[in-house]
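Residue-level structure breakdown
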Amino acid sequence: MMGGPGRMLDQEVIKPKNVSATLGRLVSHFRPYLLVLAGVLVLLVLNAWVQVITPRLTGQAIDCFVTPAVVSGLAQTAAAGADVENPAEAVPQAAAQQPPTAAQSNCTFADIPAGAPQEEYLRGLGRLVLYLIVLGVVGALASGLTFFAMGWTGQHVLRTLQTQVFRHLSSLSLGYFNRVESGDLMSRITNDVNTIQQAMSFALVQVLSGVLLLAWLAYSMLAANWVYALISLSVVPFMVIATLWFSAQARKAFRKTRLEIGNVNAELEESISGVREVQAFSREDANIDSFQAANAANRDANVRAVAFTSALAPTLEALGYVALAIVAGVGGLALLRSMPIGGTVVSIGLIVTFIGYAQRFGQPIAQISIMWTNIQGAIAGAERIFELLDLN
């Protein structure tokens with residue numbers, strides 16, 4: 001994560017007054033780059049598809065290749081040990097006599113008939129592994145190109161905004177500059193623009209990809225087995241609650257750090273600018289004690305903020321392990337007892353698929369919570385810039 005979650009949480013949450021109007025004007029600056037944005041959308045969908053299809057194909061590797069290959073090998077061994085005249089023909093005949101399994105209804109990558117030689121299953125497994133490697137490369141390229149394209153587009157939009165602001169400031173009367181502090185103008189030109197840059201090049205992509213991935217994962221899980229899906233997603237509400245609580249506490253703590261660092265700077269400024277008076281009245285020790293108190297308060301505030309920020313990831317990771325335990329425990333128990341879940345017979349591949357789905361749920365939830373605040377700040381920053389451009 002760019003700068004870590006702490007950097008995103010360490011921002012003043014200023015909510016915009018008129019979101020729709022500000023977004024409308026901001027979107028108008030993106031119209032020259034609609035083709036690039038369409039490409040970004042395609043890349044987002046492609047990356048989400050790769051993350052969703054990978055667990056499904058991993059489950060198929062077990063259900064459609066590994067398990068049948070083992071069964072075929074055992075059948076060949078048994079046929080050879082029983083002195084069958086033609087073991088190659090005996091294996092398909094024995095497999096045909098077996099009832100259909102859950103593994104046979106989960107195969108979409110390749111259609112290998114039941115009882116095929118073990119070598120055919122191994123060749124199919126090799127093709128699937130190669131396909132998964134290609135998917136991983138495609139997903140990585142799609143993710144990298146998405147951030148590059150959004151960063152490129154964002155930089156061009158920001159260049160236009162900064163040029164417009166500077167040109168507009170140059171046309172304002174001298175009376176305006178007498179009424180408005182230069183620090184506020186510099187803040188609008190630099191800080192607000194930087195906030196927009198972070199949102200457009202990173203936060204917006206994370207939120208969109210996170211929402212798309214969560215929706216796609218939930219749909220895939222429910223489509224595969226809705227009862228098993230609801231059991232697997234039972235930990236998600238706790239993830240959401242933990243993310244919202246830790247994020248809120250971290251933002252409060254970071255607001256406290258900004259207050260305390262302001263006190264430290266004030267102590268420094270007063271002590272340095274008034275050093276002659278301090279020495280004249282022998283107040284060195286008193287000023288040192290005052291600065292140490294302010295510095296200690298700043299330290300404690302930062303430690304508290306870092307504590308909340310650092311606790312978010314381990315908490316979500318622990319809840320993720322709980323989700324994995326639920327998926328593996330419920331699925332394994334149903335498999336061992338030959339007990340269907342939601343009317344579907346559980347296979348090892350289905351359990352592996354749901355484990356892969358569960359592993360992908362925690363990170364997008366944290367990303368959306370943290371990055372959404374950054375997007376709110378960017379909209380507020382754009383609103384401040386547009387207010388400046390509207391001045392006559």
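Quick caveat: nothing in here was measured; it's all calculated off a predicted structure.

1. Here we look at the overall build of the protein
If you tally the helices and strands in the protein, you get 13 helices and zero strands. In the protein, buried positions account for 41% of the 392 residues. Long-range pairs, those at least 24 residues apart, make up 87% of the contacts in the protein with a sequence separation of at least 6. Carbon and sulfur atoms provide 64% of the accessible area of the protein, an area that totals close to 21,400 Å².

2. Concerning the nonpolar core
Among the nonpolar cores identified, the biggest contains 38 residues, and Leu217, Met221, Tyr228, Met239, Phe354, Phe361 and Ile365 are the most heavily contacted of them. Looking at this core, the elements with two or more residues in it are α7 (182-224), α8 (226-232), α9 (236-273), α11 (284-336), α12 (348-359) and α13 (362-389). The element contributing the most residues to this core is α11, with nine residues. Contacts of Phe361, omitting those with residues within four sequence positions, involve Leu214, Leu217, Ala218, Met221, Leu233 and Val236.

3. Some remarks on the side chain of Asn298
Tracing the backbone shows Asn298 in helix α11. Among all residues touching Asn298, those that are not within four sequence positions of it are Thr257, Glu260, Ile261 and Val264.

4. Description of the environment of Leu214
Mapped onto the elements of the fold, Leu214 is located in helix α7. Separated by 149 residues in sequence, Leu214 and Gln363 place their C-alpha atoms 9.8 Å apart. Excluding residues within four positions of it along the chain, Leu214 makes contact with Phe361, Pro364, Ile365 and Ile368.

5. Some words on the pattern of salt bridges
Tallied over the entire structure, the rule returns two salt bridges. Its salt-bridge partner being Arg25, residue Asp390 comes within 2.8 Å of it at the nearest N-O pair. On the criterion of sequence distance, the pair formed by Asp390 in the segment after α13 and Arg25 in helix α2 (residues 19-28) is long-range, its members being 365 residues apart. The partly exposed category is assigned to Asp390, whose relative accessible area is 44%. When its relative accessible area of 32% is taken as the criterion, Arg25 is described as partly exposed. A salt bridge links Asp300 to Arg299; the nearest nitrogen and oxygen atoms lie 3.0 Å apart.

6. Digging into a nonpolar patch on the surface
On the surface, a cluster of nonpolar side chains totalling about 640 Å² of accessible area is made up of Val129, Leu130, Ile133, Val134, Val137, Leu141 and Leu145. Its place among the elements puts Leu145 in helix α5 (residues 118-171). With relative accessibility at 47%, the residue Leu145 sits in the partly exposed group.

7. Structural notes on the packing of α2 against α13
Running from N to C, α2 and α13 cross one another at 75°; their axes reach a closest spacing of 9 Å. With respect to their mutual orientation, α2 and α13 come out roughly perpendicular. Contacts between α2 and α13 involve Val19, Thr22, Leu23, Arg25 and Leu26 from the former and Ile379, Ala382, Glu383 and Phe386 from the latter. Residues that form the contact of α2 with α13 fall into these classes: six nonpolar, one polar and two charged.

8. Some details on unusual backbone geometry
Phi angles above zero are rare outside glycine, and Ser338 is one such case at about 50°. You can see Ser338 is positioned in the loop between α11 and α12.

9. As for α12
In this model α12 runs 17 Å from its N-terminal to its C-terminal C-alpha over 12 residues, within 8% of the 16 Å that 1.5 Å per residue would give. For α12, the full list of buried residues reads Gly349, Leu350, Ile351, Thr353, Phe354, Gly356, Tyr357 and Ala358.

10. Here we look at the packing of aromatic side chains
For the structure on display, the rule yields five aromatic pairs. Where Tyr228 meets Phe354, the ring centres are 4.5 Å apart and the plane angle is 25°; that geometry is what we call stacked. Taken together, the residues Tyr228 in helix α8 and Phe354 in helix α12 connect sequence positions 126 residues apart. Across this residue pair, the class does not change: Tyr228 and Phe354 are buried. Here Trp245 and Phe246 contribute two aromatic rings whose centre-to-centre distance is 5.0 Å and whose plane-to-plane angle is 80°, an arrangement assigned as edge-to-face. Residue Trp245 is classed as partly exposed on the basis of its relative accessible area, which comes to 45%. Accessibility expressed as a relative area gives 15% for Phe246, which makes it buried.

11. Some details on α13
With 28 residues, α13 should reach 40 Å at 1.5 Å per residue; the first-to-last C-alpha distance of 41 Å fits that figure. The buried count for α13 comes to 24 of 28 residues, which makes it a mostly enclosed element.

12. What to know about the packing of α9 against α11
Relative to each other, α9 and α11 sit at 165°, their axes nearing to 8 Å. Taken together, the axes of α9 and α11 lie roughly antiparallel to each other. As α9 runs across α11, the sense of the crossing is left-handed. Counted by class, the contact of α9 with α11 contains 21 nonpolar, 13 polar and four charged residues.

13. Notes on the confidence of the model for the protein
The predicted model of the protein averages 80 in pLDDT, with 84% of residues at 70 or higher. Element-level mean pLDDT values for the protein span from 48 in helix α4 (residues 87-96) up to 92 in α8. Ignoring residues within four places in sequence, the model shows residues 1-7, a span with pLDDT below 50, making 11 contacts including any to other chains.

14. A closer look at the environment of Ala215
Along the chain, Ala215 falls in helix α7. Once the C-alpha coordinates of Ala215 and Ala48 are considered, the two residues, 167 residues apart in sequence, prove to be 9.9 Å apart.

Analysis parameters
- Residues numbered from 1 in each chain as written.
- Predicted model: local features only at pLDDT ≥ 70, side-chain atom pairs only at ≥ 80, totals over all residues.
- Heavy atoms only, no water.
- Helix = DSSP H or I, 4+ residues; strand = E, 2+ residues; numbered from the N terminus.
- Buried < 20%, exposed > 50% of the residue type's maximum accessible area, 1.4 Å probe, protein only.
- Contact = heavy atoms within 4.5 Å.
- Areas by Shrake-Rupley, 256 points an atom, 1.4 Å probe, with all protein chains shown as cover.
- Core = buried A, V, L, I, M, F, W, Y, C linked by side-chain atoms within 4.5 Å.
- Salt bridge = Lys/Arg side-chain N within 4 Å of Asp/Glu carboxyl O.
- Patch = residues over 30% accessible without salt bridge, like charges linked within 9 Å, V, L, I, M, F, W, Y side chains within 5 Å.
- Axes fitted to C-alpha atoms, helices over the stretch in contact; angles between N-to-C directions.
- Parallel < 35°, antiparallel > 145°, perpendicular 65-115°, else oblique.
- Nonpolar A, V, L, I, M, F, W, Y, C, P; charged D, E, K, R; others polar.
- Expected span 1.5 Å × (residues − 1).
- Phe/Tyr/Trp six-rings, centres within 6.5 Å; stacked < 30°, edge-to-face > 60°.
- Left-handed = near helix turned anticlockwise from the far one by under 90°.
- pLDDT = per-residue confidence, 0-100.

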